[in-house]
Amino acid sequence: MAYHRTTNAFTLIELMISILLGTLILYTAFAGFRTASQAITIANSLSLENSLLRAGYFQVQNDLDFWTSLDDPNNTSNQKLRPTGGTWSVSASNTIPGNPFTPMSMLNLANGVKNITLRGPTIQPAITAGSPTTYGEIKPRPPGYLFGPIPSYSDPWEADTFFDPTVSYSPSDPRTWVRVNMAEKDLAYNGPGWDTNPLDANYGKQDYWGTTPLPYGSFVPPVTFGRYGLFSNLLPNTSSQPVTFGSWQIGWNLNFIGQAYSLPNSGSNPPPPSPPQDIPYMVTYKTPNLIAHTWYPNQIQLFLTLFGFQAMCEYLPPNAIYNFYMSQPSGMTGLQYAGAPNYNYTPTGGHEPSNEWDWGTPCTAGGMSRQCTQPGWGPYWGFRNWDGNQITSIGMYRQTYSTSFGYFNPWAPPDPNGEPGIFPRHYMHFDSDYTAFSGGSGPNGGELGLQDLLAHTAFEQSMLPLEPTNWPTVMTAVGRLVKTGHFVSVAKIRRLNPLTGATVELSFLGLGTTLRGARMQRKDPTYGTGWAHWDDDPAVMTSAPGPNPGQGNEPNLDSPTPQTQP
Amino acid sequence: MSRLIQLHPRPLRRGFTLFEVAISLVLVSFGVVSVLMLFPVGIKAQEMARFRVYAACKAEEMVETFNATTNANPAIDTEGLMPWDTAGAYRAQAWDMEARLSSHRYGIMPLPVALAQRIDSDSDEIQQIISQGGYIYYSQPLATTETEEQGNPKAPPNDAQKLIFTISGYAQQNSLTMFAMKNWPYSTPMPSPPMHMSHMPDMWLPKPGTQAGGSYWSFHSWPYCGEDWDIPWESIPFNLDPDMGVVYDYPYVNPSAPPLPAGSHYPHIGYFPYACGTIYWGQTTTSIPYPAQVSPTTFADGTLGIAPCLQTALGYVQAAVWYFEKKMDPTGKYSMLFSSGNPGGSATLDPHADFVSTVETDRWQEVQAFRFLAHASTVLTSWISYSDSNPANMDLSARGALIPPATIYGFTSHGAGGSSNIYIYDGDIRYFHERAMYLLMQFYAMYPYDWAVPRSTNRTIMTDYPLLMSDLYSPPLVGSVFGSQPTVPAAGWRPISSEPIQHIGVSQTYPIMAAQSNQSPSWTIPSGIVALDASMMGGANTSPAPTSIFGNIDHYTLAAPFQPAERCREIVFWAADWQSYEDFETLPSAPVDASKYPLSGPRTTTGSGNVNPPTFSLWSQQRTFYQRMGDMAFRDEQLWAFRSPEKSMLFLQDMSQYPTGTPLVGLNGAYQWEMLNVPNQWGYPPPDQGANQSWVGKLDNTADHVFNGLYGADRNFNQVLDRGPLPRSVRIRAQLVGRFNFYDPRVPAILR
């Protein structure tokens, strides 16, 4: 009999429990793996996004410091803001308008009439090999102003009219003091309801008695408070070539309103009223005396065409007043020079045209620059905004609290409707505050103008154009504009998830280099491409090229024409 | 069978018991779960890493915006009778980061307090800050470009909104951003005539003197300017220098000549008769022939003005020369000027020579003398040719401009060597200008606390702005809120300066401090009045005890040495999903500081301002406090520190009845739910302006509700009404992201 050994199988309950436990283990394992997989995926995704975010952050920080989105010194194909503007001109200046990264030497070469020296007229101290004073240093003018008695005095520093990167705007330097008459304005027209101004040289065509038209001209000078162009002017004037400052016809004794008047003196009280006299005569001003101050007017005129309007705000000190006087150009009448518009003599006292602004002359109100003072004068609304609707002198606050200038990314596509390209935009102002509330017309007006400004300054570019398709796309931008005197650098890092399509943006204001700093980082193209080396790299400096090999700093975009130093 | 079994016992092979297996599974599961729990920690670490980038960006923006944006709020009133009359001493103007940036253009908004109170944090830091009156902030969706919000393109969601943050640490006591009783510096283009300004006719102006001679002083109303009057602030009576009134407007009475017949008027000399002797009415029609549109200015003594002409130009110079010699003649230092028939009398003088006045506190007279002379004499170049072939005419090269002497206040101006007539030439005019500019610039740089000379608009410098601060250790000034009904008591700290202020003069807005004379409607100086000038002249505030309105100079600390740690504050960032609350948009705003409301300075009801000569009884009625709340214009571009920080996104009415997802744009006809999208801001008063006024035609809200944000705000700025999934009863925990130290300055300073 065979031995039969019994074998107990799992009972059904045991089997079920085993299956349950096994299932539980499998589920736990599966869930664990699944969770782990998801977590790893999310973590990897987050890590990747964070890495790209950090890369974007460093990208914009780098751009804030080095402006490489606008100009890459190591890549000549990304130096679109270096050429000059060609023949496009915004003023009667003989300079050629530049772009924000146009080398100073290029402007200098194109503008050979300017007197360009370093450290003023005598180069003090000289920039020589081994000298501690080099291109990068900015110092105030040495003390001791070379003035003499009025009116024969002269100061050679006043003739150093081109941009001098080695001298600062010292507030103690008399040549930096603004001498325009800020209270003077063009009286011709100041908006509806104001063009009956009897002080307007062109208004009165009859005298008080109603029948006798004045022979020509008017009864008060169009420049009420005198000729400030005598004190500060583009041209220094010389005894051999005296220039004129406008002429106008006025009444000698203007008793047209009722009461006779004579100047009181110690001898008598004024005589009794006498019949009115209108004795017209010409007032002319043509003097051989030197004009003391020419540096500031030339700085303003220069920067109006140098790098664009925002650059002008950056390079000039914040208390600058953007205006200057010029002497009477040939071809302009004395009345035009004074700000009086052309008019037709109307013996019956006819009314003048509704818009008396003269758009064809370069100056007004005794020689004040129209480009600096007249709203909308020049291409694309010009430099001066419409704040106050006045033809008068202003500074940066009024010029930028309701409108803005900007630096425009050359890679931003042109607008489809034929609006101006990148270069003219640097010579335009854009509505950016209450006038940008809604609507808009043209490239720079209203809400559309503000959006145009933001879109073309903070133009977003792909950080990794060749990235894998399943990576989050990261776009970065650094936009620079000036608003209410604040030089805004807005940085943007935008991430587009290719799977979800979601877009998230991180935008903030950054601290960065000024344009002047960015230009001084870049090597003068006369000596090649790349970054300018500074004296913090002495090993390189000992072999640095330039007009003075071995000197401390390399020439940069702000250095003037290479020249032999004494 | 059982026996066999017994004979051959089977080896005992026992497996795990079910219990053991269960225990084992528990242990295994614990281990697995523990490992799995590490994965979310990794995710959380990644999220925190991201928030740290956000925090770094936001901190950079806050520091940049704090230090580089404008400090101007041109639309507000900056002067009052007492410190509490303007916002200068209030929180809205404090030079602290949260006060500066918690504004609709500068990017940080306080979380609703009710929401912030639901957020836990390490060491309960958030609740401690709230309990001390501080705020927890969130970020606006857009970067702080300061540009018009309405015109900005719609931006994608900004991750930085997931951060909340605060400013931790106590702020330093700041300098005064404006001195209410005289908001120095007063600026004017230089050289200039005595300053004059548009001013409402009110009870704080001295009464004009209409008698020709020594008591004459006047201001003028222009018929086309309504209630705005032309007030010669600088030459106002009982200001620093009564002689200055001659340069502005003076009816000249020759003491050595017989008086004019009764009813006659004396000719006026000075700036005003030259520049403003004629008024015009601004007619736009061509049917009114000239000169019917033109009228002469009527001076306070009844004299009729005439249009600008050579005679009045010479009269202006005559007044300026008289003033110059009155101030400088005793020194004799400029006796070579004004030569007789000698062109270029100034040719031997260096315009950049030092002051001739050896007494520093007197140098303002030299500056003023050249300032007025330079401005007046330059006028001559509009009327007189440089060279004129007609010997009957003056010219400025050979014959000169003849200025007769004048005898005023017992002093007679004269030419060189005591000659009676004075001649001015082209070279003199250039010298006057250069000399005036040089002296002005020297004076500004050397004497920031000598306020005798207004500062130059055409060359502003840092030291134009004095460093004033409040004296927290002297008894405050006390009084009442102007226009409050019933009277509300008020108190304000006394100001102190680093050194005694010289020649402070009177306030241009409130030249008579009527508040100190019980707001008397009288236009004569009440007896016992404490003029601003008298309270601070000559270093009166050097006394240990407060004198008049000033405090004790010994308490001045702005210029004291300090340790870096004393001026270090901290920005603390947390991450918290505060937008998941169901009421994150409908909760009322955090309380808006009262100083965020741009309140006008004390005013009187003007009645009819177009009166000449003025009828003084019209302006004795005070504007109430509530009327003052409607007197200021709410201009975004000129109000950077005012209004609710959430102003752009505020709801205009109770939104509780509307479902989640309701679009905030394009509903309700012409009006919108959100202030940003209110159309036509020019056609209506802003919906948050006024004490209790209903916005014209607008729903059922009132301005005060909107100003205070009682209806909530579109806080994620997506222009849709949102509600999150979390009920308000749930608390959430904020995770600390980072801390950033920054420098807390005491003095307003803009970096560029």
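Remember, predicted model here, so these are calculated numbers, not experimental data. Residue positions are given per chain, counted from 1 along the sequence in the order it is written. Chains and ligands are labelled by the order in which they are written, letters from A for the one and numbers from 1 for the other. Owing to the predicted nature of the model, reporting of local features is limited to residues with pLDDT of at least 70; listing and counting of side-chain atom pairs is limited to 80 or more, with chain, interface and lining totals taken over all residues.

## Some details on the overall build of chain B
Inference 1: Secondary structure summary: chain B contains 13 helices and 24 strands in total.
Inference 2: Split into buried and exposed, the 752 residues of chain B put 48% on the buried side.
Inference 3: Two residues form a contact once the distance between their C-beta atoms, set from the backbone, is within 7 Å. Residue pairs in contact within chain B that sit at least 24 positions apart in sequence constitute 75% of those at least 6 positions apart. Helix numbers and strand numbers start at the N terminus; a helix is a DSSP run of H or I with at least 4 residues, a strand a run of E with at least 2. The exposure label follows from counting other C-beta atoms within 10 Å of a residue's C-beta, where the C-beta atoms are placed from the backbone and the thresholds are 20 or more for buried and 12 or fewer for exposed, leaving partly exposed in between.

## Some remarks on the pairing of strand E9 (residues 486–496) of chain A
All names here are of chain A.
Inference 1: Across the 11 residues of E9, 10 count as buried, placing the element largely inside the fold.
Inference 2: Should DSSP find at least two bridges between two strands, the strands are regarded as paired. Across 11 bridges, the pairing between strand E8 (residues 473–483) and E9 is antiparallel. Bridge pairing in E9 links Lys 483 to His 486.
Inference 3: If you look at the hairpin formed by E8 and E9, you'll find 2 residues sitting between the two strands, and Thr 484 has a positive phi there, around 50°.
Inference 4: Pairing analysis gives 7 bridges linking E9 to strand E10 (residues 503–509), with the strands arranged antiparallel. Along E10, the bridge assignment pairs Leu 496 with Thr 503.
Inference 5: Hairpin connection from E9 to E10: 6 residues lie between these consecutive antiparallel strands, with Gly 501 at a positive phi of about 80°.

## Topic: the sheet that holds strand E24 (residues 735–743) of chain B
Residue and element names in this part refer to chain B.
Inference 1: Sheet architecture is open: 5 strands sit in the order E1-E3-E4-E22-E24, paired in antiparallel fashion. Each edge of the sheet is formed by a strand with only one pairing partner; in this case those strands are strand E1 (108–110) and E24. Taking each pair of neighbouring strands and ignoring which way they run, the sheet shows an average axis angle of 30°.
Inference 2: One ladder, built from 8 bridges, connects strand E22 (residues 568–575) with E24; its direction is antiparallel. Residue pairing in the sheet places Arg 569 in a bridge with Phe 742 of E24.
Inference 3: For helices, the fitted axis covers only the stretch in contact; all axes are lines through C-alpha atoms, and the angles between them, taken along N-to-C directions, range from 0 to 180 degrees. Where helix H2 (residues 18–68) meets the sheet, it contacts E1, strand E3 (137–139), strand E4 (163–168), E22 and E24, and its direction lies at approximately 25° from that of E24.

## Section: the packing of helix H9 (residues 363–379) of chain B against helix H10 (residues 426–446) of chain B
Residue and element names in this part refer to chain B.
Inference 1: Contact pair H9 / H10: the axes reach a minimum separation of 8 Å and the direction vectors enclose 145°. As for the relative orientation of H9 and H10, their crossing is left-handed in sense. Contacts from Arg 363, Trp 364, Glu 366, Val 367, Phe 370, Arg 371, Leu 373, Ala 374, Ser 377 and Thr 378 in H9 reach Asp 428, Ile 429, Phe 432, His 433, Arg 435, Ala 436, Leu 439, Leu 440 and Phe 443 in H10.
Inference 2: Of the residues that constitute the contact of H9 with H10, the class distribution is 11 nonpolar, 3 polar and 5 charged. For any helix crossing, the convention is left-handed if the near helix is rotated counterclockwise from the far helix by under a right angle, and right-handed if that rotation is clockwise. Just so you know the grouping, Ala, Val, Leu, Ile, Met, Phe, Trp, Tyr, Cys and Pro go in nonpolar, Asp, Glu, Lys and Arg go in charged, and all remaining residues, Gly too, go in polar.

## Section: the confidence of the model for chain B
All names here are of chain B.
Inference 1: Mean pLDDT over chain B stands at 80; residues scoring 70 or higher make up 81%.
Inference 2: The low-confidence segment residues 514–531, where pLDDT is below 50, has 31 contacts with residues more than four positions distant or belonging to other chains.
Inference 3: By definition, pLDDT measures how confident the predictor is in each residue, and it falls between 0 and 100. Low pLDDT, under 50, characterises residues 533–546; the predicted model gives this stretch 34 contacts beyond four residues in sequence or across chains.
Inference 4: The complex prediction reports pTM at 0.88, with the ipTM value standing at 0.88.

## Remarks on the sheet that holds strand E7 (residues 220–221) of chain B
All names here are of chain B.
Inference 1: An order of E6-E8-E7 is seen for the 3 strands of this open sheet, with the pairing classed as antiparallel. Among the strands making up the open sheet, the edge pair consists of strand E6 (197–199) and E7.
Inference 2: Two elements, E7 and strand E8 (residues 229–231), share 2 bridges in a ladder whose sense is antiparallel. Looking at E8, one finds that Ser 221 is bridged to Trp 229.

## Describing unusual backbone geometry
All names here are of chain B.
Inference 1: Cis geometry marks the peptide bond from Trp 184 to Pro 185; its omega dihedral reads 10°.
Inference 2: Positionally, Pro 185 belongs in the loop between E4 and strand E5 (187–188).
Inference 3: Each neighbour pair has its own omega, and for Met 190 with Pro 191 the value is -5°, a cis peptide bond.
Inference 4: As for its position among the elements, Pro 191 is in the loop between E5 and E6.
Inference 5: Phi angles above zero are rare outside glycine, and Arg 643 is one such case at about 70°.
Inference 6: The exposure class of Arg 643 is buried, given the 25 C-beta atoms found within 10 Å.

## As for H10 of chain B
Inference 1: One less than the residue count of a helix, multiplied by 1.5 Å, gives the span that helix is expected to have. With 21 residues, H10 of chain B should reach 30 Å at 1.5 Å per residue; the first-to-last C-alpha distance of 30 Å fits that figure.
Inference 2: The buried fraction of H10 of chain B amounts to 18 of the 21 residues, a majority that puts the element mostly inside the structure.

## Some words on the nonpolar core
If you look at soluble globular proteins, the nonpolar side chains tend to sit buried side by side.
Residue and element names in this part refer to chain B.
Inference 1: Counting 243 residues, the largest nonpolar core has Ile 164 and Ala 320 as the members making the most contacts within it.
Inference 2: The element best represented in this core is helix H8 (residues 310–328), accounting for 12 residues.
Inference 3: Apart from residues lying up to four places away in sequence, Ile 164 is in contact with Leu 111, Ile 136, Tyr 137, Tyr 138, Trp 574, Ala 576, Trp 578 and Ala 734.
Inference 4: Leu 599, Met 649, Leu 676 and Val 706 belong to the second-largest nonpolar core, a separate cluster that totals 20 residues. Nonpolar cores are identified as sets of buried Ala, Val, Leu, Ile, Met, Phe, Trp, Tyr and Cys residues joined via C-beta atoms within 7 Å.

## Focus: the packing of H8 of chain B against H9 of chain B
Residues and elements named next belong to chain B.
Inference 1: The N-to-C vectors of H8 and H9 enclose an angle of 160°; their axes lie 8 Å apart at closest approach. It follows that H8 is roughly antiparallel to H9 by the angle criterion. Here H8 runs over H9; the crossing is left-handed. Taking contact as the criterion, the partners of Ala 313, Tyr 316, Val 317, Ala 320, Val 321, Tyr 323, Phe 324, Lys 327 and Met 328 in H8 are, on H9, Gln 365, Glu 366, Gln 368, Ala 369, Phe 372, Leu 373, Ala 376, Ser 377 and Val 379.
Inference 2: For the contact of H8 with H9, the class distribution of residues is 13 nonpolar, 3 polar and 2 charged. Comment on the angle field: the value is read as roughly parallel under 35 degrees, roughly antiparallel over 145, roughly perpendicular from 65 to 115, and oblique elsewhere.

## Things to note about the environment of Val 478 of chain B
Residue and element names in this part refer to chain B.
Inference 1: Positionally, Val 478 belongs in strand E19 (residues 477–480).
Inference 2: Taking the C-alpha atoms as reference points, Val 478 and Trp 84, 394 residues apart in sequence, are found 9.6 Å from one another.
Inference 3: If sequence neighbours within four positions are ignored, Val 478 has contacts with Pro 489 and Ala 491.

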